[in-house]
Every structure is written in C-alpha cells, then in structure tokens.
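Close look at the chain arrangement
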Amino acid sequence: KAFAGFLVVALGVVLEAAGYESGQDMQTESVRLWLRVLFCLIPVALYASAAAILCYYPLDRSVLTDVQEAIKLRRHGQCVRDPVSGLGLPPFPSTLHKPLEFGAEGMAVCCASGVYVEEVVHVAE
C-alpha cells in the first residue's frame, strides 16, 4: 500500500512538472508525452523485464512437483531438503510434537529423514 501511495505522489509530481493543468480539455504536448510514457512505455518495460526474469527462473513442472511434495511432507511433520535451494527445512511448527534435536555442529537433526537443518527459524505455513 505504501508503494502504491508513493507511485501516486510520483505520478502527480511528474505530471505537475510537465505542466498538467486540472480541468483543461486540452493538455500541452509535454503532458501528453509524459502520460504516454507513464502509462504505456514504463508498464511495457516492466512486463518485458518480468518475462526475461521468468525465462531464467528455476521452476519447471518437475521442480514444482518436488516443491509440492516437500510441502506435503513438512505438513506431516517431516524434515525435507528444499528442491530449489538444497537447504534442509524443518517441519512446519504446528506439526512438531517435540522440539528438534541439535547435533554437535549446532544443526538441527530430523532423525527420521536424516536431513540436517542449517538454521532453525520460525517458518510460517
């Protein structure tokens, strides 16, 4: 919400600097140019950037299936290895019946799956 508020203020500042006059039927060429830039070119550039990022995002159908399986196992109280990052993840806190045990290295050990969790933090479901 704060970012949306910032965008509204920034839009007003840019249009005011371009010479926008409220209530006029016809705006100056400068104002019309900035309206085209703000409402056409910038969104197209942002969508193109997002599309380029998605091309390199490491999530395909097989990884998505692995992520969904990992979530299911965590909901059933098991530690899992994150399919994307490879890090060990503890079960969701609501599924824990006892605290995790810590090994000599200071890492949490989930004995059933043999997964070591590097750092135990509160994980939201």
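Basis of the calculations
- Residues numbered from 1 in each chain as written.
- Predicted model: local features only at pLDDT ≥ 70, side-chain atom pairs only at ≥ 80, totals over all residues.
- Heavy atoms only, no water.
- 1 Å grid on protein atoms, 1.4 Å probe; cavity = no way out; pocket = protein on both sides within 12 Å on 5 of 7 lines; lining within 4 Å.
- Points joined across faces, edges and corners; volume = space filled by probe spheres on them.
- Helix = DSSP H or I, 4+ residues; strand = E, 2+ residues; numbered from the N terminus.
- Nonpolar A, V, L, I, M, F, W, Y, C, P; charged D, E, K, R; others polar.
- Expected span 1.5 Å × (residues − 1).
- Buried < 20%, exposed > 50% of the residue type's maximum accessible area, 1.4 Å probe, protein only.
- Arc of directions from axis to C-beta.
- Contact = heavy atoms within 4.5 Å.

Moving on, we get to the layout of surface pockets. Estimated volume of the second largest pocket: approximately 220 Å³. Taken together, L7, A10, L11, V14, L38, F39, I42, P43 and L46 make up the full set of residues lining the second largest pocket. When residues of the lining of the second largest pocket are traced back to their parent elements, those giving at least two are helix 1 (2–18) and helix 2 (29–55). Examining the composition of the lining of the second largest pocket, we find that five residues originate from one element, helix 2, more than from any other. Residues belonging to the lining of the second largest pocket are distributed by class as follows: nine nonpolar, no polar and no charged.

Here helix 1 contains 17 residues, and its C-alpha end-to-end distance of 24 Å stays within 8% of the 24 Å for a straight helix at 1.5 Å per residue. Two residues or fewer past helix 1, G19 is found with a positive phi of approximately 105°.

The terminal C-alpha atoms of helix 3 (residues 61–75) lie 21 Å apart, and with 15 residues this matches the ideal 21 Å at 1.5 Å per residue to within 8%. Among all positions of helix 3, only V63, A70 and R74 are buried. For helix 3, the arc enclosing every buried residue in end-on projection is 35°, short of the 170-degree limit, so these residues lie on one face. Projecting away from the buried face of helix 3 at angles above 90 degrees are the exposed residues R61 and R75. Where helix 3 is buried, its residues touch strand 1 (80–81) and strand 2 (88–89). One or two residues past the end of helix 3 sits G77, with phi positive at roughly 85°.

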